[in-house]
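In case you want the letters, here they are:
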Amino acid sequence: MASLITCPHCGPRPKEEFSIRSDASLTRPAPDADAETWHAYVYLRDNSRGRHREYWHHAAGCRRWLVVERDTQTHVVHSVTDAADATRTRGAA
Amino acid sequence: MAEIVLSHRAALAGVATGRFGAAFDSSRSLTLTALPEGHVLHLLAAPGAVPHAGAITAAGGGTLRAYAPGQWFVVGDERLTASQKAEIAGRLAGVADVVDTSHGRVRMALSGAAVERVLAKGTAVDLAPSAFPVGRSATTLVGHISVQITRTGEQSFELMVLRGFAESLWDELIGMAREFGVEAVGPA
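Owing to the predicted nature of the structure, the values given are computational and were not obtained by experimental measurement.

Time to look at the overall build of chain A. Looking only at helices and strands, chain A features two helices and six strands. Going from the N terminus to the C terminus, chain A shows its helices and strands as β-β-β-α-β-β-β-α. Each of the three principal axes of chain A carries a C-alpha extent, and together these read 40 × 30 × 25 Å. Counting the 93 residues in chain A, one finds 31% classified as buried. When the accessible surface of chain A is totalled, it reaches about 6000 Å², and 50% of it is carbon and sulfur. Each charge sign in chain A was given a centre, from 13 positive and 12 negative side chains, and these centres are 5 Å apart.

In this assembly, 10 residues from chain A lie in contact with 10 residues from chain B. In this assembly, chain A packs against chain B so that about 750 Å² is buried in total across both faces, 63% of it on carbon and sulfur atoms. Three residues, A:Arg13, A:Ala60 and A:Cys62, lead the burial of chain A against chain B; their summed loss comes to 44% of the area buried on that side. Between chain A and chain B we count zero salt bridges in total.

Definitions and limits used
Along each chain, the written sequence defines residue order, and numbers are assigned to residues from 1. Numbering of ligands from 1 and lettering of chains from A proceed in the order in which they are written. The predicted origin of the model limits local features to residues at a pLDDT of at least 70 and limits the giving and counting of side-chain atom pairs to 80 or more, whereas totals for whole chains, interfaces and linings rest on all residues. Excluded from the side-chain calculations are hydrogens and water; all other atoms, namely the structure's heavy atoms, are used. Secondary structure elements follow DSSP: runs of H or I of four or more residues count as helices, runs of E of two or more count as strands, with numbering from the N terminus. Note on exposure labels: buried denotes an accessible area under 20% of the residue type's maximum, exposed denotes more than 50%, and partly exposed covers the range between, all computed with a 1.4 Å probe on protein chains only. A 1.4 Å probe and the Shrake-Rupley method give the accessible areas. Residues count as covered only by the protein chains that appear here. None of His or the chain ends enter the tally, which takes Lys and Arg as positive and Asp and Glu as negative. The atom standing in for a charge is NZ when the residue is Lys, CZ when it is Arg, CG when it is Asp and CD when it is Glu. Any two residues whose heavy atoms approach within 4.5 Å are treated as being in contact. Buried area is understood as the total, over both parts, of accessible area removed when two parts are fitted together, assessed with a 1.4 Å probe. Each reported salt bridge corresponds to a side-chain nitrogen of Lys or Arg within 4 Å of a carboxyl oxygen of Asp or Glu.

Listed below in structure tokens is the structure:
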């Protein structure tokens with residue numbers, strides 16, 4: 001894993017300052033979706049090798065939620081954005 | 001029932017003081033000083049507002065430490081009265097909310113020629129003057145302790161920590177500075 005994450009607010013910071021929450025590419029199902037859909041959303045993950053989009057919390061820094069795009073094979077960090085901005089961009093798209 | 005009298009006790013009262021580690025040499029050794037428990041005001045910008053740091057400083061009247069997007073600390077050596085705090089909050093009305101955390105946070109100063117090398121043992125934040133000039137502030141970890149580090153001079157930093165961690169950080173900094181020699185000066 002890359003040991004430096006460039007926080008959009010704080011600059012390059014050691015990964016120890018962050019905690020990883022989960023996959024950021026999932027879309028929450030509708031409240032009345034069937035059990036199978038919810039089961040897949042909550043439990044099923046591909047755990048693929050390669051590019052991942054995840055929620056990271058800069059817990060020991062600015063305490064902002066971030067979306068980190070990184071590659072589990074090459075350790076390259078492609079992008080780090082504030083989760084609020086990422087959501088806004090997705091909403092607009 | 002006996003009346004309980006509360007008295008203020010400095011968070012760093014009773015910590016280890018004196019000289020530690022290598023023989024003290026003013027050209028390379030460090031000085032760790034407990035700063036007065038004055039005021040630490042936490043400023044939170046109104047949602048969506050992007051306050052100008054200059055305006056915040058002017059209104060806050062103290063020294064500004066950037067904490068997070070839209071959040072700052074105003075720190076100073078003097079204790080503020082309730083009316084002084086209310087006055088600051090009044091000046092910042094509509095710009096930022098003011099929360100007094102003076103009782104919860106403790107400041108200490110670390111200075112000396114090797115200060116960056118000592119702090120680098122605790123954090124991976126780039127503290128070189130080019131990346132971290134005087135006035136720059138960062139919330140980070142020193143070991144496992146969450147610390148707000150601010151460069152206050154060419155060879156001096158201020159470290160602000162939650163009160164309960166003050167003594168641990170104090171001891172840790174002495175340990176980190178031993179190879180250069182360190183003099184620890186407790187609260188006045």
